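Overview (structure and organization)
If you want the building blocks of each chain, they are given just below.
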Protein chains: 2
Amino acid sequence: MSFSSSVTSLLSISTPPAHYLAQNPLNRLSFKREDKEFLRKAFTHPTTKFLPFYKLDPAVCKNTGELHYISLADVRPYLAEHPIEKPEKDYLEAALENKKLAPVTIYLGTSSLGDSEKEWEAGNIFAIDISSLDDLHKRLGESGVVFQNFRSLLVTGTISIESFGICSFARSLLDWNNRFMYCPGCGGPQVASLAGTKRICVQSALGRADCPSKHGVNNYQYPRTDPCVIMAVLTHDKQRILLGHGMRLPPGMLTCLAGFIEPGESIEEAVRRESYEEAGITVEKVMYHSSQPWPFPQSLMIGCFGIAKEGSVISRDKDLELDAADFFTREQVREVINWDASKGDALFKLPPPTSIAYRLIRAFAYDQWDISGSTIKI
Amino acid sequence: MSFSSSVTSLLSISTPPAHYLAQNPLNRLSFKREDKEFLRKAFTHPTTKFLPFYKLDPAVCKNTGELHYISLADVRPYLAEHPIEKPEKDYLEAALENKKLAPVTIYLGTSSLGDSEKEWEAGNIFAIDISSLDDLHKRLGESGVVFQNFRSLLVTGTISIESFGICSFARSLLDWNNRFMYCPGCGGPQVASLAGTKRICVQSALGRADCPSKHGVNNYQYPRTDPCVIMAVLTHDKQRILLGHGMRLPPGMLTCLAGFIEPGESIEEAVRRESYEEAGITVEKVMYHSSQPWPFPQSLMIGCFGIAKEGSVISRDKDLELDAADFFTREQVREVINWDASKGDALFKLPPPTSIAYRLIRAFAYDQWDISGSTIKI
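Chain A is annotated in an unreviewed UniProt entry as NAD(+) diphosphatase from Schizosaccharomyces japonicus. Check the Catalytic activity (unreviewed entry) section of the UniProt entry for chain A; it says "a 5'-end NAD(+)-phospho-ribonucleoside in mRNA + H2O = a 5'-end phospho-adenosine-phospho-ribonucleoside in mRNA + beta-nicotinamide D-ribonucleotide + 2 H(+)". What UniProt records for chain A under Sequence similarities (unreviewed entry) is the sentence "Belongs to the Nudix hydrolase family. NudC subfamily."

See below:
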């Protein structure tokens, strides 16, 4: 699917809008991740596919431009000792002895549309980190496979929306497995468990040490997801939108304000705090719009509209994250969206159409989004 | 404020509803946390107050039932070596030498309504973990201070809504500081920095070791917030609500389904996945309602309504998290809400009115919530 056609079709999808990275077609079967017997069947089923990642970039076929999957036969030599098939205890012992461990392999789910255990055994997809598998990397390269920078794929938009969704899950989990090598509770080594969807403290699991990760409610060993707010702040009369330029953005690009939600903060509070801190704007009403996972490394972007207090003016003397910020009319934003690049530079640049920021800005410009479209009068 | 009056007033607050734990009145000044000079002024200002926590439970005055703050004079003996006042480097060296470190002290923000640096210096609040300060704990106890289980405070509802908001932030950060003692990137010791709002890898900060936490985008050292969905799933005709009983709930209590959002998943996808996995229900339309931080330990509950596909029926054979689930009419839910306890047991019990689950259920029962109340036709 070409970029423009996929954008067009996406924009026509039902309210709330369907975002890139938020269209994973797989059934994750998260409740089967502890079922070792099921995982083994899924792993070895003839229909199972493996999506290789090299340094967090997915395999893409040079010819088709789509994701490139490989088979169990391709990866088996590297996964002979994998705990999906072997006892996990052996794997843990090997980790303590500093033996080379099998590459991180993540269970992503099944594409089967069925609703029974038997049907779920087919159509499964795993992601595999081949960063350390030089020979496989070379062989794939020779057969026309490239490992494309995933962030740049979001700009070029050459893979399908469904493929973006699959990569979004896989990339975040691979990254998390790479980052959280040690147990934050005791400092000992951690390894992947439940096919890459949990990490466990090796010494504690083997009974060699006590670790707080073994006790009570713990989030040490589960994937991290960092919720962020991203907001289109409108003037009190809703006629202009606040756009800013952060230090790290490409020159000339303006976009929505955004920031991490802090512990003990609601979405609405975070929108108000970030608007105040970054641009000095007091936001009153906050309205949720939609959400988009952002796998760089594992954020969840929560898109909102915020309405500024009457008379609230921009000041950038607090947070100092923005080096420019201003309010723009619908007409100005539309002109940028429809700008003919051959005429030179537009008033400013926008983030790519695959981003929730673009969708919020576009929704403002075209008066397109009306939250009452998702009204429920119960 | 008594419990019943505070609930009543809360329920009348504007749409989207204001939740317990989501009403922190402090200006967090998150952009001042790296400004050591400002932190020092805030720390030593005569108007500054310290909120003691003992094993994550806040200090409450037995007489008033409200939070009990103490002064800098009370805590100074324990904070003589605190990095807010002393060079952080000394603190890091002490951590490597296993010297006793000052108790974790967290900057929560200012209650000052001003908008200038000078004004922010007044009215600041810090939380201090006195779990290891036996003498201070004893002295406070003798003066009529109790350390009340924070979860039970949510049921009794004796502190003000604003105090809940302050505790929600403080408790999550104290817990996080306690849990993440070691660097997940290199396994070395971590200590609190930026007045408890960041943790840093000691060896890496002192240049004694290289650690991935020093490079690129990293979330090793920032507070963790775990986003969850909690949803009122309605039948296709919106006349009945799905309520379930999880294994760990008190007997007879029914509530909304909920679950953690996974990496690479939108809010809407998580609502659909959890509804399918826990109750076998296919959810079509998903609508955001409101959000509530849940500091046990550091969750963000994202409340939604979901509309089931026509004819979708309950099955609990997948996730096995629920041991009961059924659909209930508005009349049935209202009867439970208004049940006269002297008549014996109601049809079922509901979660406490301080929870977002209760608010979602009540919104259904009284047809109270109409998302178009927060409509923005831009």
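And the narrative resumes.
1. So, the overall build of chain A
Secondary structure summary: chain A contains 12 helices and 13 strands in total. Against the globule reference of 21 Å for 378 residues, chain A gives a C-alpha radius of gyration of 23 Å, in line with a compact fold. Along the longest, intermediate and shortest principal axes, the C-alpha atoms of chain A span 65 × 50 × 45 Å. Counting across all 378 residues of chain A, residues that qualify as buried make up 60%. Across chain A, every contact between residues at least 6 apart in sequence was considered, and the portion connecting residues at least 24 apart equals 67%.

2. Quick notes on the interface of chain B and chain A
Contacts between the two partners involve 81 residues from chain B and, on the opposite side, 81 residues from chain A. Contact between chain B and chain A buries roughly 6800 Å² in total, counting both sides, with carbon and sulfur atoms accounting for 54%. Taken together, the connections running from chain B to chain A amount to eight salt bridges. Residue Arg28(B) pairs with Glu262(A) through a salt bridge whose shortest N-O separation is 2.7 Å. Every element with two or more residues in the side of chain B that touches chain A is listed here: α8 (161–179), β8 (226–234), α10 (267–279), β11 (283–294), β12 (299–308) and α12 (356–365) of chain B. Ranked by residue count, the leading element in the side of chain B that touches chain A is β11(B), at seven residues. Each residue belonging to the side of chain B that touches chain A can be placed in one class, and the counts come to 40 nonpolar, 21 polar and 20 charged.

3. Describing the sheet that holds strand β4 (residues 124–129) of chain A
Residue and element names in this part refer to chain A. Pairing is mixed in the open sheet, where five strands are placed in the order β3-β4-β1-β2-β5. Each having just a single partner strand, β3 (105–110) and β5 (145–147) make up the two edges of the open sheet. Adjacent strand axes in the sheet meet at a mean angle of 35°, parallel and antiparallel pairs treated alike. Here five bridges tie strand β1 (residues 49–54) to β4, and the two strands are oriented parallel to one another. Bridge assignment links Lys49 to a residue of β4, and that residue is Ile125. Contacts from helix α6 (residues 134–142) reach β1 and β5, with the element oriented near 125° to β5.

4. Some points on the domain arrangement of chain A
Residue and element names in this part refer to chain A. Parsing chain A into structural domains produces domain 1 (3–7 + 17–214) and domain 2 (226–367). Each of domain 1 and domain 2 was reduced to a C-alpha centroid, and the two centroids are 34 Å apart. At the boundary of domain 1 with domain 2, total buried surface from both sides reaches about 1600 Å², with 63% on carbon and sulfur atoms. Connecting domain 1 to domain 2 are zero salt bridges. Taken together, domain 1 and domain 2 are joined by six residue pairs in polar contact (both at pLDDT 80 or more). Listed by contribution, the elements that provide at least two residues to the side of domain 1 that touches domain 2 are α1 (3–11), α7 (150–156) and α8 (161–179). The element contributing the most residues to the side of domain 1 that touches domain 2 is α8, with six residues.

5. Describing the relation of the copies chain B and chain A
Take chain B, turn it by 180°, move it 0.0 Å along the axis, and it overlays chain A with an RMSD of 0.0 Å. Considering both components of the superposition, the chain copies are consistent with a two-fold axis. Residue Gly187(B) of chain B places its C-alpha closer to the rotation axis than any other residue of that unit, at 2.2 Å. Most of the interface of chain B is mirrored in chain A: 100% of its interface residues are interface residues there too.

6. Here we look at the side chain of Asp226(B)
Along the chain, Asp226(B) turns up in strand β8. Within the structure, the side chain of Asp226(B) is placed 2.8 Å from the side chain of Arg224(B), a separation counted as a polar contact. Not counting the four nearest positions on each side in its chain, Asp226(B) is found in contact with Asn219(A), Phe260(B), Gln298(B), Ser299(B) and Leu300(B).

7. Looking at the pairing of β11(B)
All names here are of chain B. Of all 12 residues in β11, 10 are buried, a share of seventy percent or more. The sheet contact formed by β11 and β12 spans nine bridges and is antiparallel. Counterpart to Met287 in the pairing with β12 is Phe305. Remark: four residues form the turn of the hairpin made by β11 and β12, two consecutive strands paired antiparallel.

8. Examining the packing of aromatic side chains
Per the stated rule, a full pass over the model turns up 25 aromatic pairs over all chains. When the ring of Phe328(A) is compared with that of Phe348(A), the centres are 4.9 Å apart and the planes differ by 55°; the resulting orientation is tilted. Taken together, the positions of Phe328(A) in strand β13 (residues 322–329) and Phe348(A) in the loop between α11 (330–337) and α12 (356–365) put the pair 20 residues apart, joining distant regions of the chain. Considered together, Phe328(A) and Phe348(A) belong to a single accessibility category, that of buried residues. Among the aromatic side chains, those forming a connected cluster through ring pairs are Tyr20(A), Phe150(A), Phe164(A), Trp294(A) and Phe296(A). One Lys or Arg, Arg334(A), reaches over the ring of Tyr366(A) and ends 5.3 Å from the middle of that ring. Of note, Lys343(B) hangs over the ring of Trp339(B), and the distance from its end group to the ring centre comes to 4.5 Å.

9. Describing the pairing of strand β9 (residues 240–246) of chain A
Residues and elements named next belong to chain A. Within β9, six of the seven residues are buried, which leaves the element mostly enclosed by the surrounding structure. Inspection of the sheet shows strand β8 (residues 226–234) paired to β9 by two bridges, in the antiparallel sense. Each bridged residue has a counterpart across the sheet, and for Leu234 the counterpart in β9 is Ile241. What sits between the antiparallel neighbours β8 and β9 is a turn of five residues, in which Lys238 has the positive phi angle 65°. Strand direction decides the pairing type here: β9 and β13, joined by seven bridges, are antiparallel. Each residue of the ladder has a partner; that of Leu243, found in β13, is Asp326.

10. Re the packing of helix α11 (residues 330–337) of chain B against α12(B)
Residue and element names in this part refer to chain B. Running from N to C, α11 and α12 cross one another at 125°; their axes reach a closest spacing of 9 Å. Accordingly, the angle class assigned to the pair α11 and α12 is oblique. In the packing of α11 onto α12, the handedness of the crossing is left-handed. Residues Arg330, Val333, Arg334 and Ile337 of α11 form the contact with α12, whose own contacting residues are Tyr358, Ile361, Arg362, Phe364 and Ala365. Class assignment of the residues belonging to the contact of α11 with α12 gives a composition of six nonpolar, no polar and three charged.

11. Some words on the pattern of salt bridges
Residue and element names in this part refer to chain A. On inspection of all chains with the given rule, the structure shows 40 salt bridges over all chains. A salt bridge links Arg40 to Glu37, with the shortest nitrogen-to-oxygen separation between them at 3.3 Å. Note that Arg40 and Glu37 are positioned in helix α2 (residues 36–44) at a spacing of three residues, about one turn of the helix. Residue classification places Glu37 among the partly exposed residues on the basis of a relative accessible area of 42%. With its nearest N and O atoms 3.8 Å apart, the salt bridge here joins Lys318 to Asp317. On the accessibility criterion, Lys318 (6% relative accessible area) is buried.

12. Describing the UniProt feature "domain: Nudix hydrolase" (unreviewed entry) in chain A
Annotation from UniProt places "domain: Nudix hydrolase" (unreviewed entry) at residues 223–351 of chain A. With 16% helix and 39% strand, the stretch residues 223–351 of chain A has end C-alpha atoms that lie 28 Å from each other.

Rules and cut-offs
- Residues numbered from 1 in each chain as written.
- Chains lettered and ligands numbered in written order.
- Predicted model: local features only at pLDDT ≥ 70, side-chain atom pairs only at ≥ 80, totals over all residues.
- Heavy atoms only, no water.
- UniProt positions renumbered as here; feature names shortened; annotations may be inferred.
- Helix = DSSP H or I, 4+ residues; strand = E, 2+ residues; numbered from the N terminus.
- Rg over C-alpha atoms; globule rule 2.2 N^0.38 Å.
- Buried < 20%, exposed > 50% of the residue type's maximum accessible area, 1.4 Å probe, protein only.
- Contact = heavy atoms within 4.5 Å.
- Buried area = accessible area lost by both parts, 1.4 Å probe.
- Salt bridge = Lys/Arg side-chain N within 4 Å of Asp/Glu carboxyl O.
- Nonpolar A, V, L, I, M, F, W, Y, C, P; charged D, E, K, R; others polar.
- Pairing = 2+ DSSP bridges.
- Axes fitted to C-alpha atoms, helices over the stretch in contact; angles between N-to-C directions.
- Domains from an automatic or database assignment.
- Polar contact = N/O pair within 3.5 Å; in protein donor to acceptor, adjacent residues only side chain to side chain.
- Least-squares fit on C-alpha atoms with pLDDT ≥ 70 in both.
- Phe/Tyr/Trp six-rings, centres within 6.5 Å; stacked < 30°, edge-to-face > 60°.
- Lys NZ or Arg CZ within 6 Å of the ring centre and 35° of its normal.
- Parallel < 35°, antiparallel > 145°, perpendicular 65-115°, else oblique.
- Left-handed = near helix turned anticlockwise from the far one by under 90°.

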